[in-house]
Amino acid sequence: MDAASAAKDRVDRALALLERRLLDLKGRAAGSSRVPDDDLFAPEPSTETDRLRIHELEAAGRDAAEALSRAADAIRDSLAEQESR
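What this report covers is the structure whose coordinates are included nearby. (Residues numbered from 1 in each chain as written. Predicted model: local features only at pLDDT ≥ 70, side-chain atom pairs only at ≥ 80, totals over all residues. Heavy atoms only, no water.)

1. Some words on the overall build of the chain
Along the chain, the regular secondary structure elements total 2 helices and 0 strands. Expressed as a percentage of the 85 residues in the chain, the buried residues total 18%. Just so you have it, the chain exposes about 6400 Å², and 55% of that area is on carbon and sulfur atoms. (Helix = DSSP H or I, 4+ residues; strand = E, 2+ residues; numbered from the N terminus. Buried < 20%, exposed > 50% of the residue type's maximum accessible area, 1.4 Å probe, protein only. Areas by Shrake-Rupley, 256 points an atom, 1.4 Å probe, with all protein chains shown as cover.)

Structure, rendered in structure tokens:
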């Protein structure tokens, strides 16, 4: 497997992980009372459940950003390596 394929596989795995986490969070949210319009930018969450849900979504977003950043770095490294050949 060449470096570009390995980097692509890492990106695919990161996106799959992100998708699973978001589906899990959506599933948990569907089981609880729904927030009108799912407004994550509301000034004050109305319940502790809302605060927890917002915290989980923010954490998932940070995790996804970090995973995608690592994957992008791997792709850049791979491209730089291929250009130097």
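Picking up after the structure, the text goes on.
2. Quick look at helix 2 (residues 48–84)
The terminal C-alpha atoms of helix 2, which comprises 37 residues, lie 54 Å apart, in line with the 54 Å expected from a rise of 1.5 Å per residue. Those residues of helix 2 that sit buried are Asp50, Arg53, Ile54, Ala59, Ala60, Ala64, Ala67, Ala71, Ala74 and Ser78. (Expected span 1.5 Å × (residues − 1).)

3. Considering the pattern of salt bridges
This structure, assessed with the given rule, holds 3 salt bridges. With its nearest N and O atoms 2.2 Å apart, the salt bridge here joins Arg21 to Asp63. Here Arg21 is found in helix 1 (residues 3–31), whereas its partner Asp63 is found in helix 2, with 42 residues between them in sequence. Using a relative accessible area of 32% as the deciding quantity, one classes Arg21 as partly exposed. On the basis of relative accessibility, which here comes to 35%, the residue Asp63 falls in the partly exposed class. The partner of Arg76 in a salt bridge is Asp73, with the nearest N and O atoms 2.9 Å apart. (Salt bridge = Lys/Arg side-chain N within 4 Å of Asp/Glu carboxyl O.)

4. Brief notes about the side chain of Ser78
Topologically, Ser78 is positioned in helix 2. When sequence neighbours within four positions are dropped, the list of residues in contact with Ser78 reads Ala3 and Ala4. (Contact = heavy atoms within 4.5 Å.)

5. Looking at the environment of Asp77
For Asp77, the location among the structural elements is in helix 2. Residue class for Asp77 comes out exposed when judged on its relative accessible area of 53%. Taking the C-alpha atoms as reference points, Asp77 and Ala3, separated by 74 residues in sequence, lie 8.7 Å from one another.

6. Quick look at the environment of Ser5
Assignment of secondary structure puts Ser5 in helix 1. Placed 70 residues apart in sequence, Ser5 and Ile75 show a C-alpha to C-alpha distance of 9.1 Å.

Geometric descriptors of this kind do not, in isolation, establish any biological role.
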